[in-house]
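Read off the chains here:
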Amino acid sequence: MFRRERSIPLRCSAAALCNNLSVLQVPSRNLTHFGVVHGPSAQLLSAAPEGVPLAQRQLHAKEGAGVSPPLITQVHWCVLPFRVLLVLTSHRGIQMYESDGSVMVYWHALDSGDVSPVQAVFARGIASSGHFICVGTWSGRVLVFDIPAKGPNIVLSEELAGHQTSVTDIATEPAQGQDCMADMVTADDSGLLCVWRSGPEFKLMTQIPGFGVPCPSVQLWHGTVAAGYGDGQVRLYEASTGTLHVQISAHARAICALDLAPEVGKLLSAAEDTFVHIWKLSRSPKSGHTEVEHCHAECVPDTQVCGVRFCDPSGSSFAVTGYDLAEILRFSSV
Amino acid sequence: MSLRTLPLLFLNLGGEMLYILDQRLRAQNIPADKARKVLNDIISTMFNRKFMEELFKPQELYSKKALRTVYDRLAHASIMRLNQASMDKLYDLMTMAFKYQILLCPRPKDVLLITFNHLDTIKGFIQDSPAILHQVEETFRQLTEIYGALSAGEFQLIRQTLLIFFQDLHIRVSIFLKDRVQNSNGRFVLPVSGPVPWGTEVPGLIRTFNDKGKEVKKIEFKHGGHYVTAPKEGSFELYGDRVLKLGTNMYSMNRPVETHMSGASRNLASRTQESIAPNPLAKEELNFLARLMGGMEIKKPSGPEPGFRLNLFTTDEEEEQAALSRPEELSSEVLNIQATQDQQRNEELARIMGEFEVMDQPRQSASKGDDLLAMMDEL
């Protein structure tokens, strides 16, 4: 059972984008940071455990040539071995900041040289893998940035080809031992999933084909890919082989966000149908296959949910954002 | 965001405008031939080939202000006149109706079905005018050609673009409140029952597979809603059962457009920010308007046809009252161009809007945008 906790007010409402909530837990300072995209601006705020807002900051997409103010597509904290960076993607490019958003340390403009006039140009999908930050783009290319332990000397080290349509989301996990093959998965608008092994050069290991609907959100847990689709399905695949293990008809509308509490194997799914579900993932000792159990269903009335995140490592609390909602809703288990 | 959004935005808002005008014309007992002329003139202007050509070019969505100006012009494409207060109310009703339709749209692709619903009803208004009917069907074909091939991902981007455009609009509309599709705080009700979108399974099943792809276990779970399977898919053909009711005419003789629009409860903070900041895009937007309305062939009244004023409220006093009590920031949106019966003023406006046929010599200038800005300052 979960109960509603005190909401955290936002200056501006959340936009109807997918994966529109990023959470950075800072247990050492008893703080939680939240990041939400409004449209042309994104809001960062930090809150104390009871949800009392402490500080807030607004970031904007860098201006460029164009008719209207550029829209932000996503904002996400990347935890690297020696630092935490905040990454902001927009219809102009990629901005990286120190974790409190105070200083921009890097700007990468998207190349829209040969683009047909019909094509929308943007970056979307952000994840860190070791000392790399990977960002997806409208063309399907995934940009890999090499991040130094400190300072602004960030370098674009690789461009990964694997997708033919716009990237939607990227998920990573620490390499699971010597024989672990896969530690990154990228997803796109066609539903195609690409599974990669990170390194000085990233290697494409497997491709898991889509079936005509976008895959807006993806997670990776102990070699299992959890993917949420535009038709409300959540599917679990074996990352190294692409074999389908579990298919859940989880939601009645497009899934907008997934999150993971890796220590306990809990998966959070949220969709435009106003529901948030919590699932328990486990590996069957007999078959070695991933299994799923449904734990909890939460309805956020009349809210088209656009972002969801666990707020603590045990997965006993989570936060939700919704389109047009100028607050972050919080739930914790009783 | 998506560069393919404007035609869908324009056609659906235009459709809602026609539904409301049609109902008000009948409620105000405007003679049938005059009412028909008004609708015919507006529809014919909307679906004019040159205008549609401009509309369908891939482009970003412009500001609400710029779009509102287009509808002001469109509403005055005939012998009918609307006061500011009525035009404001008309636009608010149009906007909230389409926002509702987009929000409740089952699949992103279904926005096309909503558009077709509007076009189907528009065709009903002009049954007696084969020429205009042909224009509408031509637009239908263009829509099918461009949007028929788009992927689910591209439709998702279009839907997101539209929702961003309508973000923070929470005007309470009496007909929605009465039907319980809108809450008293201005938010729309999102039902958790009914048919799932075509192609989606009813939630509640966890299926497990073995390495060979064979299903080995099936478990049900309680998902919280009360959904049923979708009966059938709506038709995307020129003629067909759309199945979806969104975008059909909800105003009829028995369901009049309510005169009491219960207050405007927008997010004032974000609205004020938008109107205070100087708009560096004004020139670009005026270029857009000039191009778009340059394609609008507004028919001049042929003879001494007397115009008439349509009121979106029940009485003139109500209309006056609404104008006075309208929050400042909601009125500031409008570029103050009012088409009047004054012939001289009409000519000046026509020049500004880019209809160079009226003038003997087109005005020479370096940039059309500067030109328009200068002229508007003179007004």
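Just so it is clear, the structure is predicted and the values come from calculations on it, not from any experiment.

What follows concerns the side chain of T45 of chain B. Mapped onto the elements, T45 of chain B comes out in helix α2 (residues 32-46). A polar atom in the side chain of T45 of chain B sits 2.7 Å from the backbone oxygen of D41 of chain B.

The next subject is unusual backbone geometry. Despite not being glycine, N30 of chain A has its phi angle at roughly 55°, a positive value. Of note in this structure, D168 of chain B is not a glycine but carries a positive phi near 75°.

Residues and elements named next belong to chain B. Overall, the prediction assigns chain B a mean pLDDT of 79, with 73% of residues at 70 or greater. Looking across chain B, the model is least confident in helix α10 (residues 268-276), with a mean pLDDT of 37, and most confident in strand β3 (residues 205-209), with 96. Overall, residues 259-278 carries pLDDT values under 50, and its contacts beyond four positions in sequence, including any with other chains, amount to 39 contacts. Counting contacts from residues 331-379, a segment whose pLDDT is below 50, to residues more than four positions away or on other chains yields 71 contacts. Among the prediction metrics, the complex's ipTM stands at 0.94, with pTM recorded as 0.88.

On to the environment of S284 of chain A. On the secondary structure map, S284 of chain A appears in the loop between β24 (275-283) and β25 (290-299). When neighbours within four sequence positions are excluded, S284 of chain A is seen to be in contact with H289 and E291 of chain A.

It is worth spelling out the interface of chain B and chain A at this point. Between chain B and chain A, the contact holds 56 residues from the first and 53 residues from the second. In this assembly, chain B packs against chain A so that about 4,400 Å² is buried in total across both faces, 54% of it on carbon and sulfur atoms. Among the residues of chain B in contact with chain A, M1, Q167 and F209 of chain B are the three that bury the most area, contributing 12% of the side total. Seen at the junction of chain B and chain A, the total is three salt bridges. Here K99 of chain B ties to D324 of chain A by a salt bridge, and the two come within 2.6 Å at their closest N and O atoms.

To continue, consider the pairing of strand β15 (residues 184-188) of chain A. Within a regular beta strand, the side chains point alternately toward one face of the sheet and then the other, so they alternate between its two faces. Residue and element names in this part refer to chain A. Judged by how many residues are buried, β15 sits mostly within the fold: five of five residues are covered. Alternating positions in β15 separate into two faces, M184, T186 and D188 on one and V185 and A187 on the other, with burial throughout. The sheet contact formed by β15 and strand β16 (residues 193-197) spans four bridges and is antiparallel. By the bridge assignment for β16, M184 is matched with W196. Hairpin connection between β15 and β16: a loop of four residues separates the two successive antiparallel strands, and G191 in this loop has a positive phi of roughly 95°.

Residues F10, Y71 and Y147 of chain B are the most contacted members of the largest nonpolar core, which totals 95 residues. Sequence-distant contacts of Y71 of chain B, that is, excluding residues within four places in its chain, are made with L9, F10, L13, G14, M17, M87, Y91 and M94 of chain B. Counting residues in hydrophobic clusters, the runner-up holds 42 residues, among them V87, V121, W138 and L143 of chain A.

Here the focus is the sheet that holds strand β14 (residues 167-172) of chain A. Residue and element names in this part refer to chain A. If you walk across this open sheet you meet the four strands as β14-β15-β16-β17, and the pairing is antiparallel. In this open sheet, the two edge strands, each paired with only one partner strand, are β14 and β17 (203-208). Direction aside, the axes of adjacent strands within the sheet are offset by 20° on average. Bridge count for β16 against β17 is five bridges, and the pairing is antiparallel. Of the residues in β17, the one forming a bridge with C194 is Q207.

About the cut-offs
- Residues numbered from 1 in each chain as written.
- Chains lettered and ligands numbered in written order.
- Predicted model: local features only at pLDDT ≥ 70, side-chain atom pairs only at ≥ 80, totals over all residues.
- Heavy atoms only, no water.
- Helix = DSSP H or I, 4+ residues; strand = E, 2+ residues; numbered from the N terminus.
- Polar contact = N/O pair within 3.5 Å; in protein donor to acceptor, adjacent residues only side chain to side chain.
- pLDDT = per-residue confidence, 0-100.
- Contact = heavy atoms within 4.5 Å.
- Buried area = accessible area lost by both parts, 1.4 Å probe.
- Salt bridge = Lys/Arg side-chain N within 4 Å of Asp/Glu carboxyl O.
- Buried < 20%, exposed > 50% of the residue type's maximum accessible area, 1.4 Å probe, protein only.
- Pairing = 2+ DSSP bridges.
- Core = buried A, V, L, I, M, F, W, Y, C linked by side-chain atoms within 4.5 Å.
- Axes fitted to C-alpha atoms, helices over the stretch in contact; angles between N-to-C directions.

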